Amino acid sequence: MNENEFLDWDSEITTDEPVFEMISEGDHPFIVANFEKSRSKAGAPMAVVTLAVFEDKNTSFEVREFLPLMKKMEWKISRFFISLGLKEKGDEHYKPEWDRIRNQSGVLRIKHEEYNGKMYPKVDEFLEPSEPKKKAPAKKKEEPTEDMDMPFEF
């Protein structure tokens, strides 16, 4: 049975558990699909970043990453911007350019983590680009399209 198959009004319901595939552990290219400003449970400003993480050329998974703007999370925010090529490693006076992250690409490491008895994909680490990226020019608003070339190779 195809999971995208439509049910009709007379179909039997045969499962009460969600069925989903999970991205494999390891290093994967990603594109920032969305970014929202939010607040953590502790009240800290927080970036909620939706990432399209690619298993291969034809398969991607949506992974949400929460980046609270707290001193103890500064390292992870820094690694995120380094991975996107917007910050250079060692730049201690970088002001994050949150308005430029949509549609930027990078590489991350996924690990599986158990929560309430179920396994979920989790961003373990944002990785440095293998080759230095050219600093992106000032942001030009562009929405991704299906025929848009991917900014990385598989």
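In this report, we go over the structure that sits alongside the text.

1. Topic: the environment of F81
Logical step 1: The residue F81 is located in helix 1 (residues 74-84) in this model.
Logical step 2: Sequence spacing of F81 and L127 is 46 residues, and the spatial spacing of their C-alpha atoms is 9.9 Å.
Logical step 3: Leave out the neighbours within four places in its chain, and F81 touches L86, K87, Y94, P96, E97, W98 and I101.

2. Let's talk about the layout of surface pockets
Logical step 1: Taken as a whole, the second largest pocket encloses approximately 520 Å³ of empty space.
Logical step 2: What lines the second largest pocket is a set of 16 residues, and nearest its centre among them are R64, F66, Y120, P121 and K122.
Logical step 3: Looking at the lining of the second largest pocket, the elements with two or more residues in it are strand 3 (59-68), strand 4 (105-115) and strand 5 (118-127).
Logical step 4: With six residues, the top contributor of residues to the lining of the second largest pocket is strand 3.
Logical step 5: Here the lining of the second largest pocket is built from residues that sort into nine nonpolar, no polar and seven charged.

3. Things to note about the packing of aromatic side chains
Logical step 1: As enumerated under the stated definition, the model contains six aromatic pairs in all.
Logical step 2: An angle of 70 degrees between the planes, with centres 5.1 Å apart, marks the rings of F80 and F126 as edge-to-face. In this pair, F80 sits in helix 1 while F126 sits in strand 5, placing the two residues 46 residues apart along the sequence. Just as F80 is buried, F126 falls in that class too.
Logical step 3: The rings of F30, F35, F80, F81, Y94, W98 and F126 are connected pair by pair, giving a single aromatic cluster.

4. Some remarks on helix 1
Logical step 1: Burial analysis of helix 1 places eight of its 11 residues in the buried class, which makes it a mostly covered element.
Logical step 2: Taken together, the buried positions of helix 1 are K76, I77, S78, F80, F81, I82, S83 and L84.
Logical step 3: Looking at the residues trailing helix 1, positive phi occurs at G85, about 80 degrees.

5. Considerations on the nonpolar core
Logical step 1: Ranked by internal contacts, the top residues of the largest apolar core, which has 23 residues, are F30, V49, L51, F80, W98 and I101.
Logical step 2: Listing elements by their share of this core, those giving two or more residues are strand 1 (26-39), strand 2 (45-56), strand 3, helix 1, strand 4 and strand 5.

6. Some points on the environment of N103
Logical step 1: Here N103 shows up in the loop between helix 1 and strand 4.
Logical step 2: Along the backbone, N103 and I31 are 72 residues apart, and their C-alpha atoms lie at a distance of 5.7 Å.

7. Comments concerning the side chain of H28
Logical step 1: Within the element layout of this structure, H28 appears in strand 1.
Logical step 2: H28 sits in the buried class, given a relative accessible area of 4%.
Logical step 3: Within the structure, the side chain of H28 is placed 2.8 Å from the backbone oxygen of S24, a separation counted as a polar contact.
Logical step 4: Polar contacts involving the side chain of H28 include one to the main-chain carbonyl oxygen of F54, which spans 3.1 Å.
Logical step 5: With residues up to four places along the chain from it excluded, the contact list for H28 reads I23, V53, F54, E55, G106, V107, L108 and I110.

About the cut-offs
- Residues numbered from 1 in each chain as written.
- Predicted model: local features only at pLDDT ≥ 70, side-chain atom pairs only at ≥ 80, totals over all residues.
- Heavy atoms only, no water.
- Helix = DSSP H or I, 4+ residues; strand = E, 2+ residues; numbered from the N terminus.
- Contact = heavy atoms within 4.5 Å.
- 1 Å grid on protein atoms, 1.4 Å probe; cavity = no way out; pocket = protein on both sides within 12 Å on 5 of 7 lines; lining within 4 Å.
- Points joined across faces, edges and corners; volume = space filled by probe spheres on them.
- Nonpolar A, V, L, I, M, F, W, Y, C, P; charged D, E, K, R; others polar.
- Phe/Tyr/Trp six-rings, centres within 6.5 Å; stacked < 30°, edge-to-face > 60°.
- Buried < 20%, exposed > 50% of the residue type's maximum accessible area, 1.4 Å probe, protein only.
- Core = buried A, V, L, I, M, F, W, Y, C linked by side-chain atoms within 4.5 Å.
- Polar contact = N/O pair within 3.5 Å; in protein donor to acceptor, adjacent residues only side chain to side chain.

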